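Coordinate analysis (summary)
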Amino acid sequence: MDHKYNKPPLTIDEQIERLKSRGMEIDEKGETIARHYLTTVGYYKLSGYWFVFQNKYFDNNSLLPENFRNNISFNDIKNIYIFDEKLRSLFMEALCRCEIAIKAAFNNYTTLKFEEGAFWYLEEKYFSDWIVKRKIYDKATKKRSAKTEEVKCTYQEWREKLSIDLNNIHTCQFKNAYQKKYGDDDLPFWMVLELETFGSLEKMYNLMNNAFHKRKIAEILSVSTDQLENALAVMRLTRNKCAHYDRLYNFVNSVIPTDINNKTFNPEFNYSFSSKKKESALLFPIYYMLTYFLHNISGKSTWANRVKNLIDCYTEICPYISYEKMGFPVDWESLPLFKKMLGSPKI
């Protein structure tokens, strides 16, 4: 039976008193910090960082009292929040760089390869239905079940959604200038890529029906077709988390990066995530995948090093931040990919 929501809004002082009454450590200095963050960030946003320290989380029972364990202080929560904020910024930087490189690979291959040039994407002959398997949502438990269902994505659906998205963009200078000059709503592919969402890009690649062309696009990025398909899904989900300020440091992946197992491209960097079941759903596989892509895009990227420096800094000042909790194996720095990328001197 559904319960009626009856929690009243609280003032900042009431919020602080509630946290204290539940066992969060807030001293005089901490109260000033708490008041600032509750005012500028918000109680609900911050609760996403402290709920893992509450009884109801430890015992997986939402009906338990919401008292805190582990002598958690508001200063700890502040440090976790700031760390996660900086981590998201770094991951967004890497994701943007990867997205631009992937779109360039799409454009440089398809517009030169196909006879329609800049308008090849308007031809249905290059596409076929894409069948996606997903776990069924159980309304009773409000969770995804182990059972799966097949969902079909068609070229026409993708084109209609793309057209709606593009038509809803009214302030793009190059789009408006093109349509004014040529009187054509259909944009050249390189313009489409500037405006297309990452999710639309993922669907387009999966809808392409020629395995040879898909492989050639992937090879520009020094990956296989399967790796690019998987990377597009992982990058989309991670990008959405970063763009919507969701927690990154402790989130569990719904799509796990596929094992890197290339015989042609950088075989020394091959790595299996699936063999490490618990860690494979955490942050490290995404860190590895992005570092791998950045190596292929620019072997001199310092991104991996800057992420490491950030984690090192916050593991020293906050006991609740650790490599282990983010799925990093003990020997991760000795892996060939990081031996190379952690020593890169330039961006």
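Description of the structure in this document. (Residues numbered from 1 in each chain as written. Predicted model: local features only at pLDDT ≥ 70, side-chain atom pairs only at ≥ 80, totals over all residues. Heavy atoms only, no water.)

**As for the overall build of the protein**
For clarity, the cut-off: Secondary structure elements follow DSSP: runs of H or I no shorter than four residues count as helices, runs of E no shorter than two count as strands, and numbering proceeds from the N terminus. Three labels apply to residues, based on accessible area from a 1.4 Å probe with only protein chains included: buried if under 20% of the type maximum, exposed if over 50%, partly exposed otherwise in between. Every residue pair with non-hydrogen atoms within 4.5 Å of one another is taken to be in contact. Residue exposure ignores everything except the shown protein chains as possible cover, and the areas themselves are Shrake-Rupley values with a 1.4 Å probe.
Per the secondary structure count, the protein includes 15 helices and 2 strands. With the principal axes as the frame, the protein shows a C-alpha extent of 70 × 50 × 45 Å. Looking at the protein as a whole, 46% of its 347 residues are labelled buried. The contacts of the protein with a sequence gap of at least 6 include a subset with a gap of at least 24, amounting to 67%. With an accessible surface of roughly 19,300 Å², the protein has 51% of that area assigned to carbon and sulfur atoms.

**Considering the nonpolar core**
Put simply, the test is: Note on terminology: a nonpolar core comprises buried Ala, Val, Leu, Ile, Met, Phe, Trp, Tyr and Cys residues joined through side-chain atoms within 4.5 Å.
Core analysis: the biggest nonpolar cluster contains 101 residues, and F91 and Y287 have the highest contact counts within it. Looking at this core element by element, the count peaks at 17 residues for helix α5 (residues 74-113). With sequence-adjacent residues up to four places away left out, Y287 is seen in contact with F91, W303, A304, V307, K308, F328, W332, F338 and L342.

**Topic: helix α14 (residues 303-317)**
What counts here: Here the expected length of a helix is defined as 1.5 Å per residue gap, with one fewer gap than residues. In this description, the arc belongs to the directions extending from the helix axis to the C-beta atoms.
Here α14 spans 22 Å end to end across 15 residues, near enough to the 21 Å set by a 1.5 Å rise per residue. Those residues of α14 that fall on the buried side of the exposure criterion are W303, A304, V307, K308, L310, I311 and Y314. Taken end-on, α14 shows its buried residues confined to a sector of 160°, consistent with a single buried face. Against the buried residues of α14 lie α5, α13 (284-297) and α15 (336-341).

**As for the packing of aromatic side chains**
Our working definition: Only the six-membered ring of Trp is used, alongside the rings of Phe and Tyr, when aromatic pairs are assigned; centres must lie within 6.5 Å, and planes under 30 degrees apart are stacked while those over 60 apart are edge-to-face, with the rest tilted.
This structure, assessed with the given rule, holds 36 aromatic pairs. Taking 6.4 Å as the distance between ring centres and 80° as the angle between the ring planes, the aromatic pair formed by W50 and F68 counts as edge-to-face. Separated by 18 residues along the polypeptide, W50 in helix α3 (residues 43-50) and F68 in the loop between α4 (55-58) and α5 bring together distant segments of the chain. Accessibility assignment for this pair places W50 and F68 in one class, buried.

**Regarding the packing of helix α11 (residues 225-243) against α13**
Applied cut-off: Simply put, an axis is a line fit to the C-alpha atoms, just over the touching stretch for a helix, and the angle between two N-to-C directions goes from 0 to 180 degrees. Crossings are classed by handedness, with left-handed meaning an anticlockwise turn of the near helix from the far one by less than a right angle and right-handed meaning a clockwise turn. Each residue gets one label: Ala, Val, Leu, Ile, Met, Phe, Trp, Tyr, Cys and Pro are nonpolar, Asp, Glu, Lys and Arg are charged, and the others, such as Gly, are polar.
Interhelical geometry of α11 versus α13 gives an angle of 115° and a closest axis separation of 11 Å. For the pair α11 and α13, the sense of crossing is left-handed. Contacts between α11 and α13 involve L228, A231, V234, M235 and T238 from the former and I286, M289, L290 and F293 from the latter. Looking at side-chain class alone, the contact of α11 with α13 contains 8 nonpolar, 1 polar and no charged residues.

**Some points on the pattern of salt bridges**
Side chains carrying opposite charge are able to pair once their charged atoms draw close together. The condition is simple: A carboxyl oxygen of Asp or Glu within 4 Å of a side-chain nitrogen of Lys or Arg is what we treat as a salt bridge.
For the coordinates displayed, the defined rule picks out 19 salt bridges. With a closest N to O distance of 2.9 Å, E31 and K20 form a salt bridge. Here the residue E31 occupies a position in helix α2 (residues 28-40), and K20 occupies one in helix α1 (residues 12-21), the gap between them amounting to 11 residues. With a relative accessible area of 23%, E31 lands in the partly exposed category. Linking E229 and K214 is a salt bridge whose minimum nitrogen-to-oxygen distance equals 2.7 Å.

**Some points on the environment of C172**
By the element assignment, C172 lies in the loop between α6 (155-167) and α7 (173-182). A residue is classified by how much of its surface remains accessible, and C172, at 10% relative accessible area, is buried. Separated by 101 residues in the primary sequence, C172 and F273 have C-alpha atoms spaced 41 Å apart.

**A few points about the side chain of Q15**
Tracing the chain through its elements places Q15 in helix α1. Residue classification places Q15 among the buried positions, given a relative accessible area of 10%. The contacts of Q15, once residues within four sequence positions are left out, are L10, L38 and Y43.

**Some words on the state of the cysteines**
The condition is simple: Any two cysteine sulfur atoms lying within 2.5 Å of each other are counted as a disulfide.
For the coordinates displayed, the defined rule picks out 0 disulfides. Free of any disulfide, C242 has its nearest cysteine sulfur in C96, 9.0 Å distant. Looking at C318, it has no disulfide partner, and the nearest cysteine sulfur is the one in C313, 11 Å off. The buried category is assigned to C318, whose relative accessible area is 0%.

**Here we look at unusual backbone geometry**
In the Ramachandran plot, S222 falls in the positive-phi region, its phi being about 60° despite a non-glycine side chain. Residue placement: S222 occurs in the loop between α10 (211-220) and α11. The residue N266 is not glycine, and still its phi comes out positive at about 45°. Its place among the elements puts N266 in the loop between α11 and α12 (277-280).

**Some thoughts on helix α9 (residues 198-207)**
Because each turn of an α-helix spans 3.6 residues, side chains separated by three or four positions end up pointing in the same direction. For α9, a buried count of 8 out of 10 residues is recorded, marking the element as mostly surrounded by other parts of the structure. Every buried residue belonging to α9 is among F198, S200, L201, E202, M204, Y205, N206 and L207, and all of these are buried.

**Some thoughts on the packing of α5 against α14**
Put simply, the test is: We call two directions roughly parallel when the angle between them is under 35 degrees, roughly antiparallel when it is over 145, roughly perpendicular when it lies between 65 and 115, and oblique otherwise.
Across the interface, α5 lies against α14 with an axial gap of 10 Å and an inter-helix angle of 175°. By the angle class used here, α5 and α14 are roughly antiparallel. Every residue of α14 that contacts α5 at N79, I82, F83, K86, L87, L90, F91, E93 and A94 is listed here: W303, R306, V307, L310, I311, Y314 and I317. Residues of the contact of α5 with α14, tallied by class, amount to 12 nonpolar, 1 polar and 3 charged.

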